[in-house]
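Letter by letter, the chains look like this.
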Amino acid sequence: MADKAKPTDFDWNDLGFAYHDLPYRYRAYYKDGKWSDGGLETDSYMRVSEAAQSFHYGQEIFEGAKAYRRKDGGVNLFRPNMNAQRMNRSADRLLMPHFPEDKFIDAMKQVVKANQEFVPPYGTGATLYLRPFFFGTTPMVGVHAASDYTFEIFATPVGAYYKGGLAPTAYVTGSLDRAAHAGTGRAKAAGNYASSLLPGDEAHKAGFSDVVYLDPRLHENIEELGSANFFGITKDGKFQTPKSPSILPSITKYSLLALAPEFGLIPEETTISINDIDRFAEVGAMGTAAVISPVGSITHQGKKHVFYSETKVGPYTQKLYDRLTGIQFGDEPAPEGWIYDVPLK
Ligand SMILES: *Cc1c(COP(=O)(O)O)cnc(C)c1O
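Nothing here was measured: the structure is a model prediction, and the numbers come from that model. (Residues numbered from 1 in each chain as written. Predicted model: local features only at pLDDT ≥ 70, side-chain atom pairs only at ≥ 80, totals over all residues. Heavy atoms only, no water.)

1. Quick notes on empty space enclosed by the protein
Rules: The pocket and cavity definitions rest on a 1 Å grid over protein atoms only: a 1.4 Å probe that fits but cannot leave marks a cavity, an open set with protein on both sides within 12 Å along at least five of seven lines marks a pocket, and residues lining either have an atom within 4 Å of a point. Grid points are joined across faces, edges and corners, and a volume is the space filled by probe spheres set on the points. Only DSSP runs of H or I covering at least 4 residues are called helices, and only runs of E covering at least 2 are called strands; the numbering of each starts at the N terminus. Under this grouping Gly is polar, as are all residues other than the nonpolar Ala, Val, Leu, Ile, Met, Phe, Trp, Tyr, Cys and Pro and the charged Asp, Glu, Lys and Arg. Each domain's extent was defined by an automatic or database domain assignment.
Applying the stated rule across the entire model yields four cavities of 30 Å³ or more. Volume-wise, the largest cavity comes out at about 100 Å³. If you trace the largest cavity, you find 13 residues lining it, with Tyr 68, Phe 78, Thr 252, Thr 288 and Gln 328 closest to the centre. Top contributing element to the lining of the largest cavity by residue count: strand β5 (residues 65-69), with three residues. Considering only residue class, the lining of the largest cavity consists of six nonpolar, six polar and one charged. When residues are assigned to domains, the lining of the largest cavity turns out to be shared by domain 1 (7-158) and domain 2 (169-328), each giving three or more.

2. As for the site of the ligand
Applied cut-off: What makes a residue near a molecule or strand is one non-hydrogen atom of that residue sitting within 4 Å of it. Nitrogen and oxygen atoms within 3.5 Å of one another constitute a polar contact, given that in protein one can donate a hydrogen and the other can accept it, and given that sequence-neighbouring residues count only through two side-chain atoms. The Shrake-Rupley method, run with a 1.4 Å probe sphere, supplies the accessible areas, and residue values consider only the shown protein chains as cover.
Every one of the 14 residues lining the ligand counts as a neighbour, but Lys 188, Tyr 193, Ser 250, Thr 252 and Thr 288 are closest to it. Ser 250 is positioned such that a nitrogen or oxygen atom in its side chain is 2.6 Å from an oxygen atom of the ligand. Residue Ile 251 places a main-chain N or O atom 2.8 Å away from an oxygen atom belonging to the ligand. Within the complex, the protein chains bury 96% of what would otherwise be the 380 Å² of accessible surface of the ligand. Breaking the shell around the ligand down by element, the ones donating at least two residues are β12 (228-234) and α5 (251-259). Of the residues contributing to the shell around the ligand, the split by class is four nonpolar, six polar and four charged.

3. Comments concerning the layout of surface pockets
In this model, the largest pocket occupies a volume close to 1,100 Å³. Taken together, 46 residues form the lining of the largest pocket, with Tyr 161, Tyr 193, Ser 227, Ala 228 and Ala 289 sitting closest to its centre. Per-class residue counts for the lining of the largest pocket are 23 nonpolar, 16 polar and seven charged. Three or more residues apiece are contributed to the lining of the largest pocket by two domains, here domain 1 (7-158) and domain 2 (169-328). In this structure, the second largest pocket spans a volume of roughly 270 Å³. Elements that contribute at least two residues to the lining of the second largest pocket include exactly β5 and α6 (315-328). Take the lining of the second largest pocket: its biggest share by element is four residues, from α6. Split by residue class, the lining of the second largest pocket holds 10 nonpolar, eight polar and two charged. Residues lining the lining of the second largest pocket come from more than one domain, with at least three contributed by each of domain 1 (7-158) and domain 2 (169-328).

4. Description of the packing of aromatic side chains
The description of an aromatic ring pair uses the distance of the two centres, along with the angle that the planes make with each other. Here is the rule: Ring pairs are drawn from Phe, Tyr and Trp, using the six-membered ring of Trp, whenever the two centres fall within 6.5 Å, and their geometry is named by plane angle: stacked under 30 degrees, edge-to-face over 60, tilted for the rest. Throughout this description, buried means an accessible area under 20% of the type-specific maximum (1.4 Å probe, protein chains only), exposed means over 50%, and partly exposed covers the range between.
Under the criterion given, the structure shown has 21 aromatic pairs. Between Phe 10 and Phe 118, the aromatic rings sit 6.0 Å apart at their centres with planes inclined by 85°, giving edge-to-face as the arrangement. Here the residue Phe 10 occupies a position in the segment before β1 (25-31), and Phe 118 occupies one in the loop between α3 (101-114) and β7 (127-136), the gap between them amounting to 108 residues. For Phe 118, a relative accessible area of 1% translates into the label buried. A ring pair is formed by Phe 134 and Tyr 149, whose centres lie 5.6 Å apart and whose planes are at 75°; its orientation type is edge-to-face.

5. Quick notes on a nonpolar patch on the surface
So the rule is basically this: Any residue with relative accessible area above 30% and no salt bridge may belong to a patch, with like charges joined within 9 Å and the nonpolar Val, Leu, Ile, Met, Phe, Trp and Tyr side chains within 5 Å. The rule for a salt bridge is simple: a side-chain nitrogen of Lys or Arg has to be within 4 Å of a carboxyl oxygen of Asp or Glu.
A contiguous nonpolar patch, built from Tyr 57, Val 141 and Val 143 and spanning about 340 Å² of accessible area, is present on the exposed surface. With respect to the secondary-structure elements, Val 143 resides in the loop between β7 and β8 (149-158).

6. Focus on the environment of Asn 81
Keep this limit in mind: Throughout, a residue-residue contact means that at least one pair of heavy atoms, one from each residue, lies within 4.5 Å.
Considering the arrangement of structural elements, one finds Asn 81 in helix α2 (residues 80-93). For the pair Asn 81 and Trp 338, spaced 257 residues apart in the sequence, the C-alpha separation amounts to 8.8 Å. When near neighbours in sequence (up to four residues on either side) are disregarded, Asn 81 contacts Glu 101, Ile 105 and Tyr 340.

7. Things to note about the nonpolar core
In plain terms, the rule: What makes a nonpolar core is a set of buried Ala, Val, Leu, Ile, Met, Phe, Trp, Tyr and Cys residues whose side-chain atoms join them at distances within 4.5 Å.
Core analysis: the largest hydrophobic core is formed by 41 residues, its most contacted members being Val 112, Leu 130, Phe 134 and Phe 151. Within the residue set of this core, elements represented by two or more residues are β1, β5, β6 (75-78), α2, α3, β7 and β8. Looking at this core element by element, the count peaks at six residues for α3. Ignoring anything within four residues of it in the chain, the contact list for Phe 151 reads Tyr 26, Arg 27, Ala 28, Trp 35, Met 87, Phe 99, Phe 104, Pro 132, Phe 133 and Phe 134.

8. Some points on α6
The cut-off we apply is this: Expected span of a helix, by definition, is 1.5 Å for each gap between consecutive residues, and there is one gap fewer than residues.
Taking 1.5 Å of rise per residue, 14 residues should cover 20 Å, and α6 covers 20 Å from first to last C-alpha, within 8% of that figure. Listed as buried for α6 are Thr 317, Leu 320, Tyr 321, Arg 323, Leu 324, Thr 325, Gly 326, Ile 327 and Gln 328. Two residues or fewer past α6, Gly 330 is found with a positive phi of approximately 80°.

Spatial relationships are all this shows, so hold off on functional conclusions.
Here's what the structure looks like:
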């Protein structure tokens, strides 16, 4: 078994997006209709039956969040209540029990506090990534929901996505879907990621950063950009993002919809046809990992549509990025209830 990571192992200015085995993770166990108290554990390996439900029939959902080091040395969580609520909506879709929201937030704080030496310093742009996940462990071969589950949160330090400032990337439409219209696209289910690997690989091999998913019924309307949500800023000042039952509801998206009016943009969730994208002055991808990635172009049916610039970030995209990261790192005032301080003592 590999050694545990130590804070001295890391160059905080040069971190990628990788797993490291930190000293502590939180686990709770669901059995006989109720959750165990839950607590911190040190072993990164788990002992699970070979017939565990999630290995065969895929009851596995997850979340992604970050802990942010502030200038004053404290640590922030960004809207962890939204992660807790979304995980329970994902659980409903996969016929899994709920994990209580207050227990979820407390568990996030415990993991950050216990691994606090691994929250990267303020100013590096790096963060402590938190990965809550939740899966069925009951041994079975018949297809039904598990009666036993494990909930865990582990942490791993990750670097700023864009080290030299925001840089636009190129996307391409594909012919494969990540989720069905009334399927599990709204749930943060591991299985959606399994079905996204091949389309993502095809886009990478063709020289693009990722694929644009179109709606699974008509292949006409934009859904997601790889594993991130889509936004476009129209030439007449609207911040638009697609509305569809098969999109994963991004917390970054709802946060930017709320912040857009500060910059004079009108926020709107609406249908966005792939045939009508030249009305966008700027396009971007949104999610916790990359925050905002400017999209320089989308290639559809062999035709490349360029937004703002293929090499430079657009002004609204940069302003929204600065505002959101300013809130997350505690440099700017946040809307009520968005920031949770993590007690470190
Ligand atoms: C997690 C995820 C996102 C981004 O959601 P955030 O809450 O902003 O991190 C977008 N699309 C998919 C498919 C996802 O799984």
